[in-house]
Amino acid sequence: MKAAGPGIILSYLICGVMVYFILFALSEMTVSNPASSSFRTFAAEYLGKGAGFVVGWVYWTGMVISMSSEATAVSLLFRTWFPTVSIPVLGTILILGVTLINLLGASQLSSLESLLAGVKVVAILGFILFGVLFVFGLVPGYKPLGFQVLRSEPFLPGGIKSLAGSMLIVLFTYAGFEIIGLAASETKDKEKNVPRAIHMTVGWLVTLYILCISMLLLLVPTSSLSEEVSPMVTALNSFKMSWAGTAMTIILISAILSTMVAAMFGIGRMLRSLVEDGLGPAFLRDRTDVPYRGILFSGCSMLLFLYVGLIFPEVYLFLISSGGFALLFTYIMLMATHIRFRRKNGKPEGNCRLCGFPYSSLFTLAGLVIAMFSMPFIKGQTLGFIAGLALVAFFHSLLSICACLSKAKSSHSKTCTGRNCKTTPFINRILGRNSSFGYS
């Protein structure tokens, strides 16, 4: 907001359109192939299993690292009330709680998630109402602000460059909507419910963001904003609202917990999708509707990264920087998959399809690529770009190693078929009996 000025509204509108296209591209593929369990499955089918392996594990790793940092953030907020409890203890309790909640399954989880999301929505609606009252002078003792603050602001103080830079951050604020695609496999009547979920999600997101940002622009000048203080708190404090800090702390905690609960839901399903296709450790295979092993493994991984962050903060900073890159990489692969999907299958029947193809897909794909490669030119994002490339390179290398092991397993099974052979069971424990790594 400080860099783009009032032009930030354009960023939210453009990114909102991109989110709409991404979600409809995903829902189109989901409805046409209800058996698929995630967008990673589509990438494997239309771009090759190697692509499905890399995008699945990059997404899972990026989300696990990001959520471990969210646990640290919530722990810091809780310490304002419990100063004697250490961050490792608070972080561990939070991650264990989020993990156990997800083990209940989608139906029970939805009630809690709705409650946490409701707190966020009510808070934003309350802030919008607060802004309307002061802008139009409906509060006794205060003169109407009108559009005085906005008149003194240049529309794009940093030019087009600042708009492009702000779009990268705005895309990160929209992140998480892909959970709809991961939840679709457990949804009844996909043709009706998935498109409705998309319209409601994008409609609410864009509307609430634009109204909230508009109020901020009318209440306080962007030059007064700081990275250290929430812009909402800055606006409330400018009107001597002393309770703003405590209220925003409660809202932030509920918001982050909501994010963690939803993320754990998504990555647990992503891990199951990888394992079912023979692209993950065989011991994580689940036969139940709820991927218990995948959720527990993801929770343990979050705990591991939480402790890594506390013991080796410099290493962790490099890792956490890859989170934003992982999301952009996932969205790019998703749109590339949709283009291949349409070229192979043509225009699907029904109402659940992306309009304006191929221009809508190409527009979104180009915007995502530009956002990704603009990371090195934006303050604080260079490390994320490097870390993200390293993450992709790591899983690509791991794919090659697993392919070699799979080939060795195939060759060995032809020459060693006796019961006393000890090498084949060892490889099976690593890759599983039905591993699918034998491809380029």
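For the structure itself, look to the data block above.
Residues numbered from 1 in each chain as written. Predicted model: local features only at pLDDT ≥ 70, side-chain atom pairs only at ≥ 80, totals over all residues. Heavy atoms only, no water.

Draft legend 1. Up close: the overall build of the chain. Of the regular secondary structure elements, the chain holds 17 helices and zero strands. Across the 440 residues of the chain, 51% fall into the buried class. Counted over contacts in the chain with a minimum sequence separation of 6, partners at least 24 positions apart contribute 78%. Carbon and sulfur atoms make up 67% of the accessible area of the chain, which amounts to about 20900 Å² in all. (Helix = DSSP H or I, 4+ residues; strand = E, 2+ residues; numbered from the N terminus. Buried < 20%, exposed > 50% of the residue type's maximum accessible area, 1.4 Å probe, protein only. Contact = heavy atoms within 4.5 Å. Areas by Shrake-Rupley, 256 points an atom, 1.4 Å probe, with all protein chains shown as cover.)

Draft legend 2. Just the environment of Tyr316, in detail. With respect to the secondary-structure elements, Tyr316 resides in helix α13 (residues 313-320). Expressed as a C-alpha distance, the spacing of Tyr316 and Ser69, which sit 247 residues apart in the sequence, is 9.2 Å. Residues within four places of Tyr316 in sequence aside, it is in contact with Ile65, Ser68, Ser69, Phe305, Val308 and Gly309.

Draft legend 3. Looking closely at the packing of helix α1 (residues 8-32) against helix α14 (residues 322-345). Relative to each other, α1 and α14 sit at 50°, their axes nearing to 10 Å. On the basis of the axis angle, α1 is oblique to α14. Considering how the two elements wind past one another, α1 and α14 form a crossing that is left-handed. Touching Phe21, Ile22, Ala25, Leu26, Glu28, Met29 and Ser32 of α1 are Tyr331, Leu334, Met335, Thr337, His338, Phe341 and Arg342, all from α14. Residue classes in the contact of α1 with α14 are distributed as nine nonpolar, three polar and two charged. (Axes fitted to C-alpha atoms, helices over the stretch in contact; angles between N-to-C directions. Parallel < 35°, antiparallel > 145°, perpendicular 65-115°, else oblique. Left-handed = near helix turned anticlockwise from the far one by under 90°. Nonpolar A, V, L, I, M, F, W, Y, C, P; charged D, E, K, R; others polar.)

Draft legend 4. Broad picture of the packing of aromatic side chains. Under the defined criterion, the tally for this structure stands at 19 aromatic pairs. Relative to Phe363, the ring of Phe21 lies with its centre 6.4 Å away and its plane at 90°, an arrangement referred to as edge-to-face. Taken together, the residues Phe21 in helix α1 and Phe363 in helix α15 (residues 359-373) connect sequence positions 342 residues apart. For Phe21, a relative accessible area of 13% puts it in the buried group. The interplanar angle of 15° and the centroid separation of 6.2 Å between the aromatic rings of Trp57 and Phe395 together place this pair among those described as stacked. Placement of the pair is Trp57 in helix α3 (residues 49-78) and Phe395 in helix α16 (residues 382-415), with a sequence separation of 338 residues. Phe395 carries the same exposure label as Trp57, and that label is buried. Lying over the aromatic face of Phe265, Arg269 brings its terminal NZ or CZ to 3.9 Å of the ring centre. (Phe/Tyr/Trp six-rings, centres within 6.5 Å; stacked < 30°, edge-to-face > 60°. Lys NZ or Arg CZ within 6 Å of the ring centre and 35° of its normal.)

Don't take any of this as a statement about function, it's just geometry.
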